[in-house]
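Fold and contact review
Each chain is listed here by its residues.
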Amino acid sequence: MRSVYLSICAIFKDEAPYLPEWIEFHRLVGVERFFLYDNGSIDGGRKVVEPWVRTGVVSVVDCSVPLAEGGQSWAYADALRRARGRTRWLAFIDLDEFLFSPGPTPLPDLLRDYEQHPGIVVNWQVYGSSGQTTAGDGLVIERFVRRAQTRWVRNRRVKSIVDPQRAVRPIGPHFFEYTDEALAVTEDQEPVRVIEQRAWTRRMLRGLVRLPLIETDPYAVRRSSVKRVSVGRVRLNHYAVRSRQEFEQKTTRHGSSRLAPRYFAYHDRNEVHDPALASYASEVRARLAAL
């Protein structure tokens, strides 16, 4: 398998309707390969990605361990092993997250500015439901155009793009440990340390999730030492809930419907109109039609 510059690792579970858009959007912004892990899907996701598997763009590995029991860490560690020597950068994101550069520099070219570092962390911009209650026919990147305020506390969360040669192991889904105790950096090249957030603090804060200005993230197990949200060069749009119908279907499939109302209320933030990715929609549709 030839070496490429930028790849993505992601785990999917019953995300078949979203996989084609997600793959082709990321190919459009410069991602060349995808290390995907199927966490027990029953909706035909493996068949959906078969066209990309045949061309070598996508590889799919079974991940039979439930995510809550360590499946995510297993998959991420396995992807690091598989990716070493095959890709210069490996981003670890989810199927409801879209990685891109909002500026004029293509994402792969931008990453060349960080090659001296073992990894880059990328801030979220959390999108709400845009008031939609049912699933629509359009693409995710055009249906949901309203998000939380840029500096909302939840947007301090990050995902990682790592050098597989220097990344040792995942620390949860958001951070990694690197060789020689090196540190990943933000887009502003500020070093990032991982801070553990105590369980009792999270439990207490979840009772306050309706307070919009609360300055501590009630869902964070670990957080970045950098509180500033910086998304001028590289950004991760996080479509955390999509429409209410889609969110309820997802939580039912994943067996987490008990916590769904509170989670939805907290993440359904629509203060800012920001159709940042809508301009990509026509090209993504053209790519999908060409398949």
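It should be emphasised that the depicted structure is a prediction, and the values quoted were computed from it without experimental measurement. (Residues numbered from 1 in each chain as written. Predicted model: local features only at pLDDT ≥ 70, side-chain atom pairs only at ≥ 80, totals over all residues. Heavy atoms only, no water.)

A few words now on the overall build of the protein chain. For the protein chain, the helix and strand inventory stands at ten helices and 14 strands. For 291 residues, the compact-globule estimate of 2.2 N^0.38 gives 19 Å, and the C-alpha radius of gyration of the protein chain, at 18 Å, lies within 12% of that figure. In terms of overall dimensions, the protein chain has C-alpha extents of about 50 × 45 × 40 Å along its principal axes. Per-residue burial for the protein chain yields a buried fraction of 51% across its 291 residues. Contacts in the protein chain between residues at least 24 apart in sequence constitute 78% of all its contacts with a sequence separation of at least 6. If you sum the accessible surface of the protein chain, you get close to 13,200 Å²; carbon and sulfur atoms cover 50% of it. Put simply, the protein chain has 44 plus and 35 minus side-chain charges, and the middle of one group is 4 Å from the middle of the other. (Helix = DSSP H or I, 4+ residues; strand = E, 2+ residues; numbered from the N terminus. Rg over C-alpha atoms; globule rule 2.2 N^0.38 Å. Buried < 20%, exposed > 50% of the residue type's maximum accessible area, 1.4 Å probe, protein only. Contact = heavy atoms within 4.5 Å. Areas by Shrake-Rupley, 256 points an atom, 1.4 Å probe, with all protein chains shown as cover. Lys, Arg positive; Asp, Glu negative; His and termini not counted. Charge placed at Lys NZ, Arg CZ, Asp CG, Glu CD.)

Membership of the largest hydrophobic core comes to 56 residues, with the highest contact counts inside it found for Trp22, Phe34, Leu36, Leu99, Leu111, Ile141 and Ile161. Discounting chain neighbours no more than four positions away, the residues touching isoleucine 141 are Glu21, Phe25, Phe98, Tyr239, Leu277, Ala278, Tyr280, Ala281 and Val284. Ranked by size, the runner-up nonpolar core spans 24 residues in total, among them Ala75, Ala83, Phe175 and Ala184. (Core = buried A, V, L, I, M, F, W, Y, C linked by side-chain atoms within 4.5 Å.)

A separate point is the side chain of glutamine 72. Its location among the elements puts glutamine 72 in helix 4 (residues 71–83). Beyond its immediate sequence surroundings of up to four residues, glutamine 72 is in contact with Ile11, Leu67, Asp94 and Pro173.

Its place among the elements puts arginine 223 in strand 12 (residues 222–224). Taking the relative accessible area as the measure of exposure, arginine 223 reaches 31% and is therefore partly exposed. C-alpha of arginine 223 to C-alpha of tyrosine 266: the two residues are 43 residues apart in sequence and 18 Å apart in space. Contacts of arginine 223, omitting those with residues within four sequence positions, involve Phe175, Arg193, Val194, Ile195 and Gln197.

Right, let's talk about the packing of aromatic side chains for a bit. The way to describe two aromatic rings as a pair is by their centre distance and the angle between their planes. Evaluated as defined, the whole model comprises 14 aromatic pairs. Where tryptophan 22 meets phenylalanine 34, the ring centres are 5.7 Å apart and the plane angle is 55°; that geometry is what we call tilted. Taken together, the positions of tryptophan 22 in helix 1 (residues 19–28) and phenylalanine 34 in strand 2 (residues 33–38) put the pair twelve residues apart, joining distant regions of the chain. In terms of burial, tryptophan 22 and phenylalanine 34 fall into one category: buried. (Phe/Tyr/Trp six-rings, centres within 6.5 Å; stacked < 30°, edge-to-face > 60°.)

Turning next to the pairing of strand 5 (residues 97–100). Residue alternation in strand 5 divides its side chains into two sets, Glu97 and Leu99 and Phe98 and Phe100, and both sets are buried. Here four bridges tie strand 5 to strand 13 (residues 235–239), and the two strands are oriented antiparallel to one another. Each residue of the ladder has a partner; that of leucine 99, found in strand 13, is leucine 236. (Pairing = 2+ DSSP bridges.)

Next up on the list: the pairing of strand 9 (residues 167–171). Here four bridges tie strand 9 to strand 10 (residues 175–178), and the two strands are oriented antiparallel to one another. Within strand 10, the position partnered with isoleucine 171 by the bridge is phenylalanine 175. Connecting strand 9 to the next strand, strand 10, in antiparallel fashion are three residues, including glycine 172 with a positive phi near 70°.

Among the structural elements, threonine 186 can be located in the loop between strand 10 and strand 11 (194–196). Not counting the four nearest positions on each side in its chain, threonine 186 is found in contact with Tyr114, Ile120, Val121, Val192 and Val226.

A complete count under the given rule lists zero disulfides for this structure. The cysteine cysteine 9 is free of any disulfide, with cysteine 63 supplying the nearest cysteine sulfur at 9.6 Å. For cysteine 9, a relative accessible area of 0% puts it in the buried group. The class for cysteine 63 is buried, based on a relative accessible area of 2%. (Disulfide = S-S within 2.5 Å.)

Structural measurements only, silent on function.
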